[in-house]
Amino acid sequence: MLNKSIKALVNYAEANGLIEKADEVWAINQILQVVGADSYEEPAQAADMPLPEILDSLCDCALETGALTENSIVYRDLFDTKLMGVLTPPPSQVQRTFAQRYAQSPQAATDWYYKFSQDTNYIRRDRIAKDVKWIAPTVYGDLDITINLSKPEKDPKAIAAAKLMPQASYPKCLLCRENEGYAGRVNHPARQNHRIIPVTINDSAWFLQYSPYVYYNEHCIVFNSQHTPMKIEPATFRKLLDFVRQFPHYFVGSNADLPIVGGSILAHDHFQGGHYTFAMEKAPVETPLTFAGFDQVEAGIVKWPMSVIRLRSADDHALVELGAKILAAWRGYTDEAAFVFAETDGEPHNTITPIARQRDGKFELDLVLRNNITTEEHPLGVYHPHAELHHIKKENIGLIEVMGLAVLPARLKEELSLLADALVCGADIRADARIEKHADWADTLRTRYTFTADNAMDIIQKEVGVVFSKVLEHAGVFKRDAAGKQAFLRFVRSVG
């Protein structure tokens with residue numbers, strides 16, 4: 001089977017442009033070396049298998065030779081990435097091809113690069129396909145819901161091995177440019193098949209890559225060449241708009257720069273973008289605004305559960321200038337009546353989640369007002385999903401959720417299925433430890449629906465969308481009632 005699997009991988013690499021015909025013998029020998037074998041016989045035909053099965057077969061062969069020492073998902077991932085790494089073209093070649101495609105059009109370049117990032121197995125298509133996704137209609141439009149299953153769970157042996165490893169500082173984090181080609185370890189993913197593209201924004205060196213977990217189409221990450229902390233400042237708006245000028249078919253946004261309302265990696269300055277239209281982008285402006293001295297900028301409050309000011313103009317410099325003015329005003333803004341405090345005990349609370357795009361020949365900048373204050377009643381955050389929603393979503397609300405895509409924990413795949421069965425058969429949900437956290441929610445659903453085997457999951461998915469819209473309402477600083485709308489306008493007037 002070894003010979004057939006090697007031949008199949010070489011054929012795959014050639015068919016997808018990773019190597020050329022002249023590279024075949026070299027590629028075979030590279031794979032032999034990684035697998036720990038020293039001989040090869042040309043098979044009558046290659047094994048007819050998709051890439052994940054080819055790599056699984058070669059991992060099994062490596063277990064037999066001793067080249068792969070542990071048969072668990074973490075070790076197999078490290079090993080099959082090493083295999084793909086020997087077939088992945090070097091960075092210089094990848095950057096040249098990207099530049100050639102970009103000369104045709106920015107979209108031609110990203111189309112090629114996205115496919116390339118999947119063909120190298122850096123983005124594992126088979127795992128992304130396992131994610132559960134659906135669209136949920138709400139009063140704010142159709143929200144995207146996904147239960148993320150593509151991140152592998154750590155196995156006990158790998159966890160134990162990681163605890164015994166000395167503290168490493170290379171690469172400094174998962175985003176650093178030094179990940180390109182890195183072999184990985186049990187507590188850091190292998191990246192031999194990873195290639196990044198240099199981009200210049202605001203006259204500074206950044207890089208473009210795709211997220212290996214692609215929560216939406218062409219989910220990209222734009223990251224600083226330097227390991228420097230996240231910071232929302234006027235230069236952030238300049239960088240975002242520079243990026244969408246170069247890639248007008250992409251949006252790009254930044255997580256906020258404070259805990260609770262920020263992303264999972266605050267230590268490395270980065271943005272997220274992609275080729276996707278979120279519900280927030282589709283949401284209309286419901287309250288037009290004007291700002292003195294910015295007649296060339298259309299502005300307004302967006303009909304969205306969170307507090308969003310949309311700025312729109314053909315003049316991107318004006319957007320940066322007005323965005324900076326709004327940011328400065330918000331950083332220092334306190335409105336006790338609306339429970340908005342710029343700081344408490346010297347700790348700052350106000351920041352912004354910004355998103356940039358081009359639409360109909362104009363630049364747009366969405367500024368989402370954020371506040372990370374906590375109280376005894378809401379220790380995880382006042383403007384964070386409250387405890388009654390934690391059965392569905394407890395995690396921080398970052399950029400992706402802000403725009404209308406719920407990234408829900410893997411546990412919900414089983415829990416929602418069990419809950420649907422329980423609602424159909426009338427079981428005692430509180431008696432089942434696996435789903436008792438959903439019991440109060442289920443009680444309210446039972447008063448509104450008659451559940452059958454045919455409709456139960458459809459109803460649950462629809463209602464998960466409703467819960468997610470409430471999650472976003474909780475994260476909104478200014479509520480959507482009359483008092484909240486008046487408070488929002490008080491802030492707008494304070495900008496001047």
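Placed above this text is the structure.
Residues numbered from 1 in each chain as written. Predicted model: local features only at pLDDT ≥ 70, side-chain atom pairs only at ≥ 80, totals over all residues. Heavy atoms only, no water.

Student: Would you mind going over the state of the cysteines in detail, with residue names and values included?
Tutor: In total, this model carries 0 disulfides according to the counting rule given. Lacking any disulfide linkage, Cys-59 is separated from the closest cysteine sulfur, that of Cys-61, by 9.3 Å. The exposure class assigned to Cys-59 is buried, which follows from its relative accessible area of 0%. (Disulfide = S-S within 2.5 Å. Buried < 20%, exposed > 50% of the residue type's maximum accessible area, 1.4 Å probe, protein only.)

Student: Summarise the sheet that holds strand E1 (residues 132–138); cite the residues concerned and give the values.
Tutor: Sheets are built from strands that pair by backbone hydrogen bonding, the pairs being arranged parallel or antiparallel. With mixed pairing, the 3 strands of this open sheet are ordered in space as E1-E2-E15. Looking at strand neighbours, the two that pair on one side only are E1 and strand E15 (405–408), the edges of this open sheet. Going from strand to strand, the sheet's axes swing by 20° on average, the running direction of each strand aside. Here helix H13 (residues 411–425) sits on the sheet and contacts E1, strand E2 (141–147) and E15; the angle it forms with E2, its principal contact strand, is near 105°. (Pairing = 2+ DSSP bridges. Helix = DSSP H or I, 4+ residues; strand = E, 2+ residues; numbered from the N terminus. Axes fitted to C-alpha atoms, helices over the stretch in contact; angles between N-to-C directions. Contact = heavy atoms within 4.5 Å.)

Student: Give a detailed account of the pairing of E1, specifying residues and quantitative values.
Tutor: Note: E1 against E2, 7 bridges, orientation antiparallel. For Ala-136, the partnering residue across the bridge sits in E2 and is Leu-143. Connecting E1 to the next strand, E2, in antiparallel fashion are 2 residues.

Student: I'd like a description of the packing of aromatic side chains, backed by residues and values.
Tutor: Enumeration over the complete set of coordinates arrives at 24 aromatic pairs. Where Tyr-102 meets Phe-247, the ring centres are 5.6 Å apart and the plane angle is 70°; that geometry is what we call edge-to-face. Taken together, the residues span a long stretch of sequence, with Tyr-102 in helix H5 (residues 91–104) and Phe-247 in the loop between helix H9 (234–246) and strand E6 (251–253) at a distance of 145 residues. Given a relative accessible area of 31%, Tyr-102 falls into the partly exposed group. Residue Phe-247 is classed as buried on the basis of its relative accessible area of 2%. Aromatic pair Phe-251 and Phe-278: ring centres 5.3 Å apart, planes at 90°, arrangement edge-to-face. Pair noted here: Phe-251 is in strand E6 and Phe-278 is in the loop between strand E7 (270–274) and helix H10 (279–282), with a separation of 27 residues, a long-range link. The class of Phe-278 is buried, set by a relative accessible area of 2%. (Phe/Tyr/Trp six-rings, centres within 6.5 Å; stacked < 30°, edge-to-face > 60°.)

Student: Can you tell me about the sheet that holds strand E9 (residues 298–302), naming the residues and giving the values?
Tutor: Strand order in this open sheet of 10 strands is E3-E4-E5-E7-E6-E13-E14-E10-E9-E8, and the pairing throughout is antiparallel. Looking at the sheet topology across the chains shown, the edges are occupied by strand E3 (197–201) and strand E8 (285–289). Between one strand axis and the next, the sheet turns through 25° on average, direction left out of account. Across 10 bridges, strand E13 (residues 350–359) lies against strand E14 (residues 362–371) in antiparallel orientation. Bridge pairing in E14 links Ala-356 to Leu-365. Here H9 sits on the sheet in contact with E3, strand E4 (204–210), strand E5 (220–224), E6, E7, E13 and E14, set at roughly 20° to E13.

Student: How would you summarise the environment of Leu-58 if you had to cite specific residues and measurements?
Tutor: Structurally, Leu-58 can be placed in helix H3 (residues 51–65). A relative accessible area of 0% places Leu-58 in the buried class. Discounting residues that sit within four places of it in the chain, Leu-58 has contacts with Leu-2, Ser-5, Ile-6, Leu-9, Ile-31, Val-35, Phe-79 and Leu-83.

Student: Explain the side chain of Asn-148 residue by residue, including any values.
Tutor: Considering the arrangement of structural elements, one finds Asn-148 in the loop between E2 and helix H8 (156–164). A distance of 3.1 Å separates the side chain of Asn-148 from the side chain of Ser-150, its partner in a polar contact. Excluding its chain neighbours within four sequence positions, the residues that come into contact with Asn-148 are Asp-131, Tyr-213, Tyr-215, Val-407, Leu-408 and Ala-410. (Polar contact = N/O pair within 3.5 Å; in protein donor to acceptor, adjacent residues only side chain to side chain.)

Student: Can you explain helix H6 (residues 106–119)? Please cite residues and give values.
Tutor: Because an α-helix packs 3.6 residues into every turn, residues spaced three or four apart end up facing the same way. Taking 1.5 Å per residue as the helical rise, H6 with its 14 residues ought to reach 20 Å, and the 20 Å between its terminal C-alpha atoms agrees with that figure. Along H6, 11 of the 14 residues are buried, which leaves the element largely enclosed by surrounding structure. For H6, the set of buried residues is Pro-106, Ala-108, Ala-109, Thr-110, Trp-112, Tyr-113, Tyr-114, Phe-116, Ser-117, Gln-118 and Asp-119. One or two positions beyond H6, positive phi appears at Asn-121, with a value near 70°. (Expected span 1.5 Å × (residues − 1).)

Student: With reference to specific residues and values, describe the packing of H13 against helix H15 (residues 456–475).
Tutor: Where H13 contacts H15, the axes come no closer than 9 Å and their chain directions differ by 125°. When the interaxial angle is binned, H13 and H15 end up oblique. Here H13 runs over H15; the crossing is right-handed. Together, Leu-416, Ser-417, Leu-419, Ala-420, Leu-423 and Val-424 of H13 and Ala-456, Met-457, Ile-460 and Val-464 of H15 make up the contact between the two elements. Partitioning the contact of H13 with H15 into residue classes produces 9 nonpolar, 1 polar and no charged. (Parallel < 35°, antiparallel > 145°, perpendicular 65-115°, else oblique. Left-handed = near helix turned anticlockwise from the far one by under 90°. Nonpolar A, V, L, I, M, F, W, Y, C, P; charged D, E, K, R; others polar.)

Student: Summarise the pairing of E9; cite the residues concerned and give the values.
Tutor: Within E9, 4 of the 5 residues are buried, leaving the element largely enclosed by the surrounding structure. Taken together, the 4 bridges between E8 and E9 define a ladder with antiparallel strand orientation. When the bridges of E9 are listed, Leu-289 appears paired with Ala-299. Where E9 meets strand E10 (residues 308–313), 4 bridges bridge the pair, whose relative direction is antiparallel.

Student: Please set out H5 residue by residue, giving values where relevant.
Tutor: Under the 1.5 Å per step criterion, the end-to-end length of H5 is 20 Å for 14 residues, consistent within 8% with the ideal 20 Å. Among the residues of H5, those classed as buried are Val-94, Thr-97 and Phe-98. Within H5, the buried residues cover an arc of 100° as seen down the axis, which keeps them to one side. Among the exposed residues of H5, those pointing more than 90 degrees away from its buried face are Arg-96, Gln-100 and Ala-103. On the buried face of H5, the contacting elements are H6, E3 and E4. (Arc of directions from axis to C-beta.)

Student: I'd like to hear about the environment of Gly-381, residue by residue, with values.
Tutor: With respect to the element layout, Gly-381 can be found in the loop between E14 and helix H12 (399–402). Overall, Gly-381 belongs to the buried group, its relative accessible area being 4%. What Gly-381 contacts, discounting residues up to four positions off in sequence, is Ile-373, Thr-374 and His-386.

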